[in-house]
Amino acid sequence: MIYYPYKYTDFLGACGMSKTTKRSLLYALGLLVLIAFAMWLRYASRYYFHSPAASYLRSAIYLFLFSVWCYSLWARIVQVQVRHYMLAISALMVLWILLRSIKFSIDNTDAERLLWYFYYFPMLFIPMLSVFVSQSLGKGEDFRLPRWTKLLYLPTLLLLLLVLTNDLHQQVFSFPSGILSDREYRYEVGFFFVLGWETLCAGFAFLSMVKNCRIPHSRRIRWLPLVPFALSLAYAYMYAKNVYWVWVLAGDMTVSQCLIFASILECCIQSGLIHSNLGYDELFEATSLPVQITDQAFCSKYVSAAMQGTLPQSKLRHIQQDTVYLDDDTLLKRHKLRRGWVFWKEDISALSQVQKKLELTRDELHDTGDVLAAENAQHARWLKLTEQNRLYDMMEAQIDRQIAMLWDLLAELQKTEDQNRARRLLGQVIIIGTYIKRRSNLIFVGAQRGAISVQELRLCLNESSENICVYGADCKAIVKGEDQLTLEQATQIYDLFEAVVETELESLRAMLISIDVGAQVEVSFCVSAAEPLCGLRAHFQGLEWEQDEDGLQYVTRKLERSRR
């Protein structure tokens, strides 16, 4: 027969267990071996050898176990608030066992009594902190306890103060013999308050844990946290009944209570009620994401199958940014953990294709934009020329009669030989030319600005008046106001002025123009000339004409400002 070496881990692997489950079972097995060894030391110290070294070794084992558990809580628990409370619980357990060990290793009545009183520091705070932990079960990583839970500190601190000051009032423990010692004492009413508060907090915490063991929206229950709770009830019953083997092996109530509390909380962690960073093996086997976790020295600890090989330590060490390009289609990202780094690959091939398409589209749009810009510039030039042509056509249509008159005057000027007549014709040409220039300018200004200022109209009338004076007639223009006029109002005023001048061009002796721009535009002419101006009423609506006995003619017209 041939025998093959077969390890326990091989058996676990054959059962289909993950690495995390194997590791947890091995840790649990080692823990049970140490606890069994400590229980055997308790038994042996009573029946085989009575050396205090056995008690010291047993205490050292429990201190080691709870210290390691405290460190593991710091490394495993994800939720910050729960981690703080559980670290406090584990630290109080270590303190409790340490106080018990010191108490039984010294021979001083006062010191033993004070250490005994200080037992109630962890005995009161562990149940209270368990309430805080139970309220956080199944909650998210950012969950915070409500503020009312802080009120639990008040009765806990008051009861602790009551115990620590027992020597003054003896309302928790009394000493019938008169000797203040824990060897002979009697419970008083204060003790029952302390015990009641401990029982209330522990019971509430356990009931909350049992309630959270039910999986939402199903009838299934997480049984793992209930197992140590059931064992604790059985232990309490057998301890109360003074079962011999229970007293011999597990008669240390301090250690027993600490182990029960720790086992319940650990089962909550293993069942997922308290969030931890366990289960990486199952996660990395099931995930399709390329992920790799390393320690602080960039040594690989976990690698998913989708990573397609472990990234080398030398390469990870030289990464200076949280995001780097592995190639055109892959990004390598990292994030700092408490005790290491997590790296993962991100496929950006789809984004790369979209980027390439966008770049092609950008080039096409750039070319199209150049064409459109040229077309727009050409269209703008065409619109500008069109507008200029429209304005020129408008000008030509409105001053067509004056242009014809100008050509006639120029033709007559070429034919005449009389210098006085030529001088007279030349003055008329200047007057008509000034009107053509200024009238065209009003059209351009009105098209650009949308309105004509009174100052612009004043310049037109002043220039025409000066040329009339050069022509040989007295002329004066008075324009009051500094407002804005519409193009139609300004041209009507200037056209009326030109109509009066053209009518009296041969016989004009003097003319006064008065324009008042207010709520209305009032235009008044006082003309000394031979030709009557009454015929202008047919061409200008609302025109009034009068003539006095001296032959002076008065022409007035009012324009409404509301038409602007």
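A quick note: this is a predicted structure, and the numbers were derived from the prediction, not measured.

The rules behind the values
- Residues numbered from 1 in each chain as written.
- Predicted model: local features only at pLDDT ≥ 70, side-chain atom pairs only at ≥ 80, totals over all residues.
- Heavy atoms only, no water.
- Pairing = 2+ DSSP bridges.
- Helix = DSSP H or I, 4+ residues; strand = E, 2+ residues; numbered from the N terminus.
- Axes fitted to C-alpha atoms, helices over the stretch in contact; angles between N-to-C directions.
- Parallel < 35°, antiparallel > 145°, perpendicular 65-115°, else oblique.
- Left-handed = near helix turned anticlockwise from the far one by under 90°.
- Contact = heavy atoms within 4.5 Å.
- Nonpolar A, V, L, I, M, F, W, Y, C, P; charged D, E, K, R; others polar.
- Phe/Tyr/Trp six-rings, centres within 6.5 Å; stacked < 30°, edge-to-face > 60°.
- Buried < 20%, exposed > 50% of the residue type's maximum accessible area, 1.4 Å probe, protein only.
- Lys NZ or Arg CZ within 6 Å of the ring centre and 35° of its normal.
- Expected span 1.5 Å × (residues − 1).
- Salt bridge = Lys/Arg side-chain N within 4 Å of Asp/Glu carboxyl O.

S.K.: How should I be thinking about the sheet that holds strand E7 (residues 340–347) in this particular structure?
M.R.: What holds strands together in a sheet is hydrogen bonding between their backbones, with the strands either parallel or antiparallel. One open sheet accounts for five strands, arranged E4-E3-E7-E6-E5; its pairing is antiparallel. Sheet topology places strand E4 (300–303) and strand E5 (323–327) at the edges, where each strand pairs with a single neighbour. Direction aside, the axes of adjacent strands within the sheet are offset by 25° on average.

S.K.: Looking at this structure, I do not really get the packing of helix H3 (residues 52–76) against helix H12 (residues 253–270). What am I missing?
M.R.: Between H3 and H12, the least distance of the axes is 12 Å, while the angle of their chain directions is 25°. Judged on the interaxial angle alone, H12 and H3 are roughly parallel. As H3 runs across H12, the sense of the crossing is left-handed. Contacts between H3 and H12 involve Tyr-62, Phe-66, Trp-69, Leu-73 and Arg-76 from the former and Val-255, Cys-258, Leu-259, Ala-262, Leu-265, Glu-266, Ile-269 and Gln-270 from the latter. Among the residues forming the contact of H3 with H12, the class breakdown is 10 nonpolar, one polar and two charged.

S.K.: Got a minute to help me understand the packing of aromatic side chains in this structure?
M.R.: Two numbers describe a pair of aromatic rings. These are the distance of the centres and the angle of the planes. Inspection of every chain in the model, using the stated rule, returns 17 aromatic pairs. Pairing Tyr-435 with Tyr-494 gives two aromatic rings, centres 5.2 Å apart and planes at 35°, and the pair type is tilted. Placement of the pair is Tyr-435 in helix H17 (residues 419–449) and Tyr-494 in helix H19 (residues 487–503), with a sequence separation of 59 residues. Across the pair, exposure class does not vary: Tyr-435 and Tyr-494 are buried alike. Joined through ring pairs, the aromatic side chains of Trp-116, Tyr-117, Tyr-120, Phe-173, Tyr-185, Tyr-187, Phe-191 and Phe-192 make up one cluster. Taking the ring centre of Phe-104 as reference, the NZ or CZ of Lys-103 above it sits at 4.4 Å. Sitting over the ring of Trp-341, Lys-336 keeps its end group 5.4 Å from the ring centre.

S.K.: Looking at this structure, I do not really get the environment of Leu-114. What am I missing?
M.R.: Checked against the element boundaries, Leu-114 lands in helix H5 (residues 109–118). Here the alpha-carbon distance between Leu-114 and Val-163, two residues 49 residues apart in the chain, equals 9.9 Å.

S.K.: Would you mind going over the sheet that holds strand E12 (residues 520–528) with me for this structure?
M.R.: Strand order in the open sheet formed by five strands is E9-E11-E12-E14-E13, with mixed pairing between adjacent strands. Looking along the sheet, the strands with just one partner apiece sit at the ends: strand E9 (474–480) and strand E13 (544–547). Direction aside, the axes of adjacent strands within the sheet are offset by 10° on average. Here four bridges tie E13 to strand E14 (residues 553–560), and the two strands are oriented antiparallel to one another. Bridge pairing links Glu-544 to Thr-556 in E14. Here helix H18 (residues 454–471) sits on the sheet in contact with E9 and strand E11 (510–517), set at roughly 170° to E9.

S.K.: What exactly am I supposed to notice about helix H9 (residues 189–212) here?
M.R.: Each α-helix turn comprises 3.6 residues. Residues three or four places apart therefore point the same way. With 24 residues, H9 ought to run about 34 Å at 1.5 Å a step, and its terminal C-alpha atoms sit 35 Å apart, in line with that. Of the residues making up H9, those classed as buried are Gly-190, Phe-191, Val-194, Trp-197, Glu-198, Cys-201, Ala-202, Ala-205, Phe-206, Ser-208 and Met-209.

S.K.: Please explain the pattern of salt bridges as it appears in this structure.
M.R.: Close approach of charged atoms allows side chains of opposite charge to pair. Applying the stated criterion across every chain yields a total of 12 salt bridges. In this structure, Lys-437 and Glu-463 form a salt bridge, with 2.6 Å as the shortest nitrogen-oxygen distance. Here Lys-437 is found in helix H17, whereas its partner Glu-463 is found in helix H18, with 26 residues between them in sequence. Since its relative accessible area comes to 19%, Glu-463 is described here as buried. Of the charged contacts in the structure, one is a salt bridge between Glu-463 and Arg-438, with a shortest N-O distance of 2.6 Å. Here Glu-463, found in helix H18, pairs with Arg-438, found in helix H17; they are 25 residues apart in sequence, far enough to count as distant. In this structure Arg-438 comes out as buried when scored by relative accessible area, which is 16%. Within the structure, one salt-bridge network assembled from shared partners comprises Lys-437, Arg-438, Glu-456 and Glu-463.

S.K.: It is not clear to me how the side chain of Arg-334 should be interpreted in this structure. Could you clarify?
M.R.: Looking at where Arg-334 falls in the secondary structure, it is placed in strand E6 (residues 330–337). Arg-334 sits in the buried class, given a relative accessible area of 12%. Setting aside its immediate chain neighbours within four residues, Arg-334 contacts Ile-319, Gln-320, Gln-321, Asp-322, Trp-341, Val-342, Phe-343 and Trp-344.

S.K.: Sorry if this is basic, but what is going on with the packing of helix H7 (residues 153–164) against H9 here?
M.R.: Each pair of packed helices gets described by two things: the angle between the helix axes and the distance between those axes. Closest axis-to-axis distance for the H7/H9 pair is 10 Å, and the angle between their directions is 145°. At the point where H7 passes H9, the crossing takes the left-handed sense. Only Gly-190, Phe-193, Val-194 and Trp-197 of H9 make contact with H7, whose side of the interface consists of Pro-155, Thr-156, Leu-159, Leu-162 and Val-163. In terms of residue class, the contact of H7 with H9 is made up of seven nonpolar, two polar and no charged.

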